[in-house]
Each structure stands twice: as structure tokens, then as C-alpha cells.
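Residues per chain are reported as follows:
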Amino acid sequence: MRLRSVLATLTAGLTAVTCLTAAGPAAARAAAGAPAAAAAAGTPSRNACSPSVSIDGFSDALDKTTYEGTYVGNFSALAVDRDGKLAALSDRSSLFTLDPKTFQPRSVVALADENKAALDSEGLVVDRDGTRLVSSEGKPTVRRYGRDGAILTRLPVPEYLRVAPAGRAATNQTFEALTLFPGGHTLLAGMEGSLSGDTLGIVRLQTWHRHGSKDFRLAAQYGYRTDTGLGVVETAATPDGRLLVLERGFTPGVGNTVRLYAADLRRATDTSGVENLTGQNEVRLVRKTLLADLVNCPTLGATAKQPQPNPLLDNIEAMTVTGHRHGRLKVLLASDDNQNAAQITRFYSLRVRL
């Protein structure tokens, strides 16, 4: 979701930052000042954000750039394509293919709805056949697109998740997050904000399931409680069937709050038949565990164009798992600059231990 706050335009110059990705962990650690030997030994390093999360580096390489006449930025979602390249979704209807090492664009495809209108595109999944599933906050919707941007199908959405007055959702508070679980049978979309009638801070996670070659059909739904003042902006399924959940908020004059959680849907109540989520005892919400508050990450020499509690932070909104080994995940984040001079398009390479 675009954060429409009044921001003072600053003209501070940014130091060029070497592109650091999960593809080059040793170089990333060295640039961040963390000895590779210490990281391999599992001892705390200077790039630790928490006992569970460390940051290898960041890149501002794409900030305020264009590609073939299209603005590169406004990133709301990331996914790893079948060929290893990165798919990066702009919330202004552009889907980029990026080099996974340099982040440089290699192609761009324009997306639209059935009436050729632009989307508020927020969530992205590359399906096992290479097609793209894209969620939009507008109504909300989840559509399947071909690699050329052509609409192939559209998934069903419960009426009460639609924006009022058609449903009970607030504008720009619907399907912000989208992820596919291992095995490719279950798709999950996360609402950013609460429905009217639900307790503020409890959001709905909607799933779809498919059998064999059939497309996704509506399945279970779960309630998830966000931290006060924060919303769900992205989810990423982990190899063990859990979720990484990115919660984010913004306070004018202070900056962004960004927290990374591990969430477990097991034992959570299916809320698809529960009209109002009010914290009732018989409804078990999704369990979550804080992995890191990113304000505690080292700054790594980053600068900010507006007030931030840590100059490394910005409007972080996109996340994908780029690799995993022995319970340790390589996770890539990206910020949505809203095409605003006071915000930054920035990539973050994290290591997460579950």
C-alpha cells in the first residue's frame, strides 16, 4: 500500500553502495565488516539484527532509475523465477525481471485488469508452470497472468473481504501479501488491515487449495494479530511449512517500523465461518514469534532521505526466500519508494535462522 504522508523533499546525496545479494554471501559479509569465519561458526557478528537474523548488505542501485522508459521502483513484491532470476512487482502495474546478482532489469511487462485499467498490484507468486499470480488491493483480486502479461484466470474471493460497501474491508487494506506453500498446493493471501466488525489489529489470512491439475479453490482462513499500529505487508512460506510475516508501519517525523515474524498456521482456527473476530477464546489465532525488529540492524553506512529511527530503514514492503540450508534462510527484502524523492528503492539481503 502506498503511504500517503506529507514528506519534505530532501536533496541529500547517497553514497554508491555495492550490490550485495544472497548469491555472494562471503563478499557481502566482508563488505559489511563481518568475518566469514565467525558467521560460519555461528558466533554473533557485527551484522546481527537479532539472535535469529543478520544482514549481509543492502543495495540502492535501482533508486530513481528507469528501464526502457518505465520507472524502476514502487516495488511491492518479489519472487524467484524458475530460471533463478528475480521477478519484481511494482504497485503501478509493472512486472520486472531482475538479475539476481546485480538487480539490473532485464525485461518489463505491463499488467492490467480485464478492462485494460492499471492495477494496485501488491502480491506476487511465480507458479510451478511459470505463470504469475498477482494480488491487487483494488477490490481485492488474485489473477493469473502469462509471462507476456495476458490474463489467464481469476481466483474466487469471499464477498466480505471486498472493499466496503461491497464487503467489509477498508480501501488499500486488502490483499497486500501473497505466497505459495511448498508443494504448490496451497496459496495464501494476507489482508493488510482489519475488516469492519473485527477487532482492530486482527487481520485475515485467506488460503486457496488445489488438487492435481485443477486451479485453486477457496479453502481455510485464519486470524492473525498484528502489533499495534502495524499492518501485514508481505508473507513468505518457508520450507518447513511456516510463514515469514513482514509487519510495517509509518509515523510522520519518526519513520518506519519494520518487524519480521515467524508464524505457524497449525492449530489455528479456520475463521472462514466466523463473522466477527473479536478475540473470542474459542478462536485460536495464528501463533507468531518475533525474529527481528529491523531497527536493531547495523546501519552498514546507509543514509536516509527522511527521518528514520535507523537510516537503513525505508518503506520495506517486498520479501522472498532466495535459498535455504539446514534451517537457515536467505531472504531478500525491497522497499517501495512510492516514486517519492524522500524515499528510497533499496534491497536488503538477510540471513534468517528458524
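Refer to the structure printed above.
Criteria and cut-off values
Residues numbered from 1 in each chain as written. Predicted model: local features only at pLDDT ≥ 70, side-chain atom pairs only at ≥ 80, totals over all residues. Heavy atoms only, no water. Helix = DSSP H or I, 4+ residues; strand = E, 2+ residues; numbered from the N terminus. Buried < 20%, exposed > 50% of the residue type's maximum accessible area, 1.4 Å probe, protein only. Polar contact = N/O pair within 3.5 Å; in protein donor to acceptor, adjacent residues only side chain to side chain. Contact = heavy atoms within 4.5 Å. Core = buried A, V, L, I, M, F, W, Y, C linked by side-chain atoms within 4.5 Å. Disulfide = S-S within 2.5 Å.

Engineer: Provide a residue-level description of the environment of Asn 338, including the pertinent values.
Structural biologist: Tracing the chain through its elements places Asn 338 in the loop between strand S21 (328-335) and strand S22 (347-353). Owing to a relative accessible area of 10%, Asn 338 belongs among the buried residues under this scheme. Between the C-alpha atom of Asn 338 and that of Asn 74, which follows or precedes it by 264 residues, the distance is 5.0 Å. Separated by 3.1 Å, the side chains of Asn 338 and Gln 343 make a polar contact.

Engineer: An account of the environment of Ile 151 is requested, with residue identities and associated values reported.
Structural biologist: With respect to the helices, strands and loops of the structure, Ile 151 is situated in strand S11 (residues 151-154). The partly exposed category is assigned to Ile 151, whose relative accessible area is 30%. Expressed as a C-alpha distance, the spacing of Ile 151 and Leu 133, which sit 18 residues apart in the sequence, is 9.8 Å. Not counting chain neighbours up to four residues away, the residues in contact with Ile 151 comprise Ala 112, Asp 113, Glu 114, Arg 143, Arg 144 and Tyr 145.

Engineer: Before we move on, can you summarise the nonpolar core with the specific residues and values?
Structural biologist: If you look at the biggest cluster of nonpolar residues, it comprises 27 residues, and the most contacted ones within it are Leu 244, Val 331 and Val 352. Mapped onto this core, the elements with two or more residues apiece are strand S1 (53-59), strand S16 (231-237), strand S17 (243-251), strand S18 (255-264), strand S19 (287-293), strand S20 (316-325), S21 and S22. Of all hydrophobic cores here, the second largest spans 17 residues; its members include Val 232, Ala 237, Leu 265 and Val 286.

Engineer: Before we move on, could you go through the state of the cysteines and cite the residues and values that matter?
Structural biologist: Covalent bonding between the sulfur atoms of two cysteines is what defines a disulfide. The full count for this structure, using the stated rule, is 1 disulfide. Sulfur-sulfur distance for the disulfide between Cys 49 and Cys 297 comes to 2.0 Å. Taking the sign of the S-S torsion, about 110° here, the bridge from Cys 49 to Cys 297 comes out right-handed. Taken together, the residues Cys 49 in the loop between helix H2 (36-41) and S1 and Cys 297 in the loop between S19 and S20 connect sequence positions 248 residues apart. Looking at Cys 49, the relative accessible area reads 7%, which means it is buried. Judged by its relative accessible area of 5%, Cys 297 is buried.

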